[in-house]
Amino acid sequence: MPAHRPILATIVALVALLLAGCGSATPPQVAEPPLVLAAAGPLPPGAVGVVDVAGRPVEVQVPPGYDATVPVPLLVVLHGFGSDPARADALLGLREEALARGVLYALPEGTEGPDGRRFWNASDACCGVDRAGVDDSAYLAQVIRTLAATYAVDPDGVAVAGYSNGGFMAYRTACDHADLVAVAVSVAGAMPAQDGACRPSRPVSVVQVHGTDDPVIRAGGGLRDGHVYPGAAESAAAWARLDGCATTPATALARRDLDSAVRGAETTVTTWRGCADDTSVALWSIAGADHAPALAPAFATAVLDVVTSTR
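Residues numbered from 1 in each chain as written. Predicted model: local features only at pLDDT ≥ 70, side-chain atom pairs only at ≥ 80, totals over all residues. Heavy atoms only, no water.

Draft legend 1. Seen up close, the pairing of strand 5 (residues 104–108). Among the five residues that make up strand 5, five are buried, leaving the element largely enclosed by the rest of the structure. Neither face of strand 5 is left uncovered, since the one carrying Leu-104, Ala-106 and Pro-108 and the one carrying Tyr-105 and Leu-107 both have all their residues buried. Pairing of strand 3 (residues 56–61) with strand 5, which is carried by four bridges, proceeds in the antiparallel orientation. Looking across to strand 5, one finds that Val-58 is bridged to Pro-108. (Buried < 20%, exposed > 50% of the residue type's maximum accessible area, 1.4 Å probe, protein only. Helix = DSSP H or I, 4+ residues; strand = E, 2+ residues; numbered from the N terminus. Pairing = 2+ DSSP bridges.)

Written out as structure tokens, the structure is:
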């Protein structure tokens, strides 16, 4: 075991450097958690380790105050196309807030494609071309079930959050496995273009986050690889229909400051009320932001408010 500790320590150091370069405020200093290369069983409170699920590594961090007799929420974070878990961790900046609120935190890894870039087989629009042999929907369901069998996970507190290709995949996972997923957060992702492609077995709380100036996955929708994807408002409205919410959304009077690179409270929050089973649907539209917003600490606070409110 000691021979592996420098490897993981290097990984942790690289993640810290990435966090420093994302334009967000410097996170508070915390004690380095114990490192475990491969967890054969539950990790102790505060520990971070790598577990194998179906031949793929999943980084897991247990909240410091974890008690195996008390169920906790689970947050699964998905990276973008051609990216990796460390960069998704840095970009979204959810880890510290999740751990502070007692949330189990997991970072799975996509498959390396023919072009050498990692991906999630979420949809034809992003990024299913020439990758039909991979069933990431089933894989992520297995990740959730594996962690729920290892830790005391609240079945009503499981959230999947993803960026770009990972945002598409977060929606795909919620569509296919609503029995396992209570919350889906998509940053710069989108729903399938066809309504019938998503048939969740129960309502799911959803947050669609999108920069108005995103040139990669356009806020108004568009084409990728010859396949149509809906816009941000259309994606949120699709979930509002699936969750049985009121057909007319309400735009909050107060705005939020979620992007540290854009001055002022740049984010408009649009919500749908009256959703079934006390779920919620919201669109956070970040004015002036591109495909990779410089997400401020307030973003993590707002996301974890949604994740923990489902309990």
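Draft legend 2. Broad picture of the packing of aromatic side chains. In the structure shown here, the tally under the stated rule is four aromatic pairs. Here Tyr-171 and Trp-239 contribute two aromatic rings whose centre-to-centre distance is 5.9 Å and whose plane-to-plane angle is 50°, an arrangement assigned as tilted. Of this pair, Tyr-171 sits in helix 5 (residues 165–176) while Trp-239 sits in helix 6 (residues 232–242), and the two are 68 residues apart along the sequence. You'll find Tyr-171 and Trp-239 in the same group, each marked buried. In this structure, Arg-56 packs its charged tip against the face of Tyr-139, placed 3.8 Å from the ring centre. (Phe/Tyr/Trp six-rings, centres within 6.5 Å; stacked < 30°, edge-to-face > 60°. Lys NZ or Arg CZ within 6 Å of the ring centre and 35° of its normal.)

Draft legend 3. Structural context of the state of the cysteines. For the coordinates displayed, the defined rule picks out three disulfides. Disulfide pairing is shown between Cys-175 and Cys-198; the S-S distance is 2.0 Å. One quick way to see it: the torsion about the S-S bond of Cys-175 and Cys-198 is about -100°, and its sign makes the bridge left-handed. With Cys-175 in helix 5 and Cys-198 in the loop between strand 9 (183–187) and strand 10 (205–211), this pair connects stretches of sequence that are 23 residues apart. A single burial state applies to Cys-175 and to Cys-198, both of which are buried. Two residues, Cys-245 and Cys-275, share a disulfide whose sulfurs are 2.0 Å apart. Since a negative S-S torsion denotes a left-handed disulfide, the Cys-245-Cys-275 link at about 110° is right-handed. Of this pair, Cys-245 sits in the loop between helix 6 and strand 13 (250–251) while Cys-275 sits in the loop between strand 14 (267–272) and strand 15 (281–286), placing them 30 residues apart in sequence. With relative accessibility at 11%, the residue Cys-245 sits in the buried group. Residue Cys-275 is classed as buried on the basis of its relative accessible area, which comes to 11%. Assigning the bonded cysteines of the protein consecutive numbers by sequence position, one obtains the connectivity 1-2, 3-4, 5-6. (Disulfide = S-S within 2.5 Å.)

Draft legend 4. Quick peek at the pattern of salt bridges. Counted under the stated rule, the structure contains ten salt bridges. Linking Arg-118 and Glu-109 is a salt bridge whose minimum nitrogen-to-oxygen distance equals 3.6 Å. Overall, Glu-109 belongs to the buried group, its relative accessible area being 18%. Its salt-bridge partner being Asp-176, residue Arg-172 comes within 2.7 Å of it at the nearest N-O pair. Placement of both Arg-172 and Asp-176 in helix 5 is noted, with a separation of four residues, approximately one turn of the helix. For Arg-172, a relative accessible area of 28% puts it in the partly exposed group. Overlapping salt bridges bring together Glu-59, Asp-89 and Arg-95 as one network. (Salt bridge = Lys/Arg side-chain N within 4 Å of Asp/Glu carboxyl O.)

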